[in-house]
2 protein chains.
Amino acid sequence: MTQTPSTSTALSPSQYGVGARFTLSVYDSNYVEVILDALAAADASGLEIETGDISTFVGGGEQRILEFLCAVVARAAQSGAHLSASILLSRGCPGELQCELPQGVSALGAAPVQLDRTGIRARSHWSLYPLLDDGPGPGSDSDGGAAGDHMTPIMAAIERAKERGIYSGSDRFATRLDGDLSDVLETVANTWIDVGSSVQHVVTHLVVSINSPSQIAD
Amino acid sequence: MTQTPSTSTALSPSQYGVGARFTLSVYDSNYVEVILDALAAADASGLEIETGDISTFVGGGEQRILEFLCAVVARAAQSGAHLSASILLSRGCPGELQCELPQGVSALGAAPVQLDRTGIRARSHWSLYPLLDDGPGPGSDSDGGAAGDHMTPIMAAIERAKERGIYSGSDRFATRLDGDLSDVLETVANTWIDVGSSVQHVVTHLVVSINSPSQIAD
């Protein structure tokens, strides 16, 4: 764990429920080797990794989680095989079935992540889910009387993707991102972290497609 | 469009933003044939289908959408190849970037879907996101003063999966379902529809794994 939240209530990422779950799909008969090689080659130090038959859980600090995800997907992509990765990032809901945080902790952001360029083009569909409850949220009035609007932080996140130059359109239920794998993951992670500073439970889903033969050339 | 919502404001599924987006990943060098065959063999009547390089959009009534998804995934699974499908179901948020519904429409359920057994075992990770805003929601007090708790409908949905006999555990950020592909899809769809009767914008994500060599035998 390399990061602690910037708050007087210093929760570890694990206590705050920070983590990822991802499924790496390799469209190649040699998929077992490609996937095992990619998982083995990525630096998992400081992380909790649980690989199962459906997906892999990654727990730890935001920067390390994203470095790991980027390394695994980039390594698999370097095989040349067409692949997709279905990635979920979650924060603010620790525990199995209950979101139980210590008293007095409602929403915690974190430092933004930074990833090295990979040179790998990733076309992606992205969705962001701020799971507001009855507390004040983005768009609340100043006395916290309104619960907010879950679309406001989503629109702000899309604006950031546009500024980053990777916004590629809005499809139904998902925003299209197209750029270097590191830019895509950074944008998705940093908007998720930002929304997390005002909404406790925030989840984002991303489907990345790499090396697709049907991909339109630049 | 085979269904109309049971309300005086008769919106079509399309007007209400009912639809699916899915990525079918086939872990086989022959993936193009398997995917194209599965898409071509499924009955798309009454549906709007848009296949892109990252995912496929399916719009229409709930029953037809689920029949189509089940048929595509089952057909691909019959190839014997290991595959995963990343599926998103969404309702209550039509339009591209804005959730604009006609005035007076807040939340619409639908009739439950029913699917024929496939004989195909599907192990899955499932997440349900009721996107509450500042209106009354499940768990509200009677005068609608509280905005509700997004975990209450999630817990109710998990109970239904247990009653159905396909609940297989709670992993971090996802519930594990294990059963016939049709039972998994029916449970995911019908809890999504149920929550939709009291929460306008509801999204559910499912990752299904079929024919995995690492799958633990019954």
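Residues numbered from 1 in each chain as written. Chains lettered and ligands numbered in written order. Predicted model: local features only at pLDDT ≥ 70, side-chain atom pairs only at ≥ 80, totals over all residues. Heavy atoms only, no water.

## Quick look at the packing of aromatic side chains
Here's step 1: In the structure shown here, the tally under the stated rule is five aromatic pairs over all chains.
Here's step 2: Both rings, one in Y27 of chain A and one in Y31 of chain B, keep their centres 5.0 Å apart while their planes meet at 80°; by these two values the pair is edge-to-face. Separated into two different chains, Y27 of chain A in the loop between β1 (19-26) and α2 (31-41) and Y31 of chain B in helix α1 (residues 31-41) make up a pair that spans both. Here Y27 of chain A matches Y31 of chain B in class, with each residue buried.
Here's step 3: Over the ring of F57 of chain B we find R172 of chain A; its NZ or CZ atom is 3.9 Å from the centre of that ring.
Here's step 4: Directly above the aromatic system of W192 of chain B lies the positively charged group of R91 of chain B, at a separation of 4.9 Å from the ring centroid. (Phe/Tyr/Trp six-rings, centres within 6.5 Å; stacked < 30°, edge-to-face > 60°. Helix = DSSP H or I, 4+ residues; strand = E, 2+ residues; numbered from the N terminus. Buried < 20%, exposed > 50% of the residue type's maximum accessible area, 1.4 Å probe, protein only. Lys NZ or Arg CZ within 6 Å of the ring centre and 35° of its normal.)

## Considerations on the sheet that holds strand β8 (residues 202-210) of chain B
All names here are of chain B.
Here's step 1: Ordered in space as β2-β3-β1-β4-β8-β5-β7-β6, the eight strands form an open sheet in which the pairing is antiparallel. At either end of the open sheet lies a strand with only one pairing partner, and these are β2 (48-51) and β6 (167-171). Within this sheet the neighbouring strands show an average axis-to-axis angle of 20°, counted without direction.
Here's step 2: Together, β1 (19-26) and β2 form the strand contacts of α1, whose direction differs from that of β1 by roughly 150°.
Here's step 3: Sheet strands in contact with helix α4 (residues 181-196) are β1, β4 (83-91), β5 (121-130), β7 (174-180) and β8, and its direction is about 170° off that of β8. (Pairing = 2+ DSSP bridges. Axes fitted to C-alpha atoms, helices over the stretch in contact; angles between N-to-C directions. Contact = heavy atoms within 4.5 Å.)

## Quick word on the relation of the copies chain B and chain A
Here's step 1: Rotating chain B by 180° and translating it 0.0 Å along the rotation axis places it on chain A, where the RMSD comes to 0.0 Å. In symmetry terms, the pair is related by a two-fold rotation axis.
Here's step 2: Residue by residue, 98% of the interface of chain B is reproduced at the interface of chain A, so both copies engage with the same surface. (Least-squares fit on C-alpha atoms with pLDDT ≥ 70 in both.)

## Points about the interface of chain B and chain A
Here's step 1: Counting from both sides, the interface comprises 64 residues of chain B and, opposite them, 63 residues of chain A.
Here's step 2: Here chain B and chain A share an interface that buries about 5300 Å² over both sides, 57% of which is from carbon and sulfur atoms.
Here's step 3: Linking chain B with chain A are eight salt bridges, by the criterion used here.
Here's step 4: The shortest N-O distance in the salt bridge between R123 of chain B and D53 of chain A comes to 2.9 Å.
Here's step 5: The tally of links from chain B across to chain A stands at 23 residue pairs in polar contact (both at pLDDT 80 or more).
Here's step 6: Ranked by residue count, the leading element in the side of chain B that touches chain A is β1 of chain B, at seven residues.
Here's step 7: Looking at the side of chain B that touches chain A, its residues break down into 27 nonpolar, 24 polar and 13 charged. (Buried area = accessible area lost by both parts, 1.4 Å probe. Salt bridge = Lys/Arg side-chain N within 4 Å of Asp/Glu carboxyl O. Polar contact = N/O pair within 3.5 Å; in protein donor to acceptor, adjacent residues only side chain to side chain. Nonpolar A, V, L, I, M, F, W, Y, C, P; charged D, E, K, R; others polar.)

## Comments concerning the confidence of the model for chain A
Residues and elements named next belong to chain A.
Here's step 1: Per-residue confidence for chain A gives a mean pLDDT of 86; residues scoring 70 or more make up 86%.
Here's step 2: Across residues 1-8, where pLDDT falls below 50, the model places 14 contacts with residues more than four positions away in sequence or in other chains.
Here's step 3: Below a pLDDT of 50 lies the segment residues 134-147, which in the model reaches 27 contacts outside its immediate sequence neighbourhood of four places, other chains included.
Here's step 4: Predicted as a complex, the structure gets a pTM of 0.89 and an ipTM equal to 0.88. (pLDDT = per-residue confidence, 0-100.)

## Quick look at the packing of α2 of chain A against helix α3 (residues 62-77) of chain A
Residue and element names in this part refer to chain A.
Here's step 1: For the pair α2 and α3, interaxial distance at closest approach is 8 Å and the crossing angle is 145°. Between α2 and α3 lies a crossing whose hand is right-handed. Side by side, α2 and α3 meet where V34, D37, A38, L39 and A41 of the first sit next to F68, V72, R75 and A76 of the second. (Left-handed = near helix turned anticlockwise from the far one by under 90°.)

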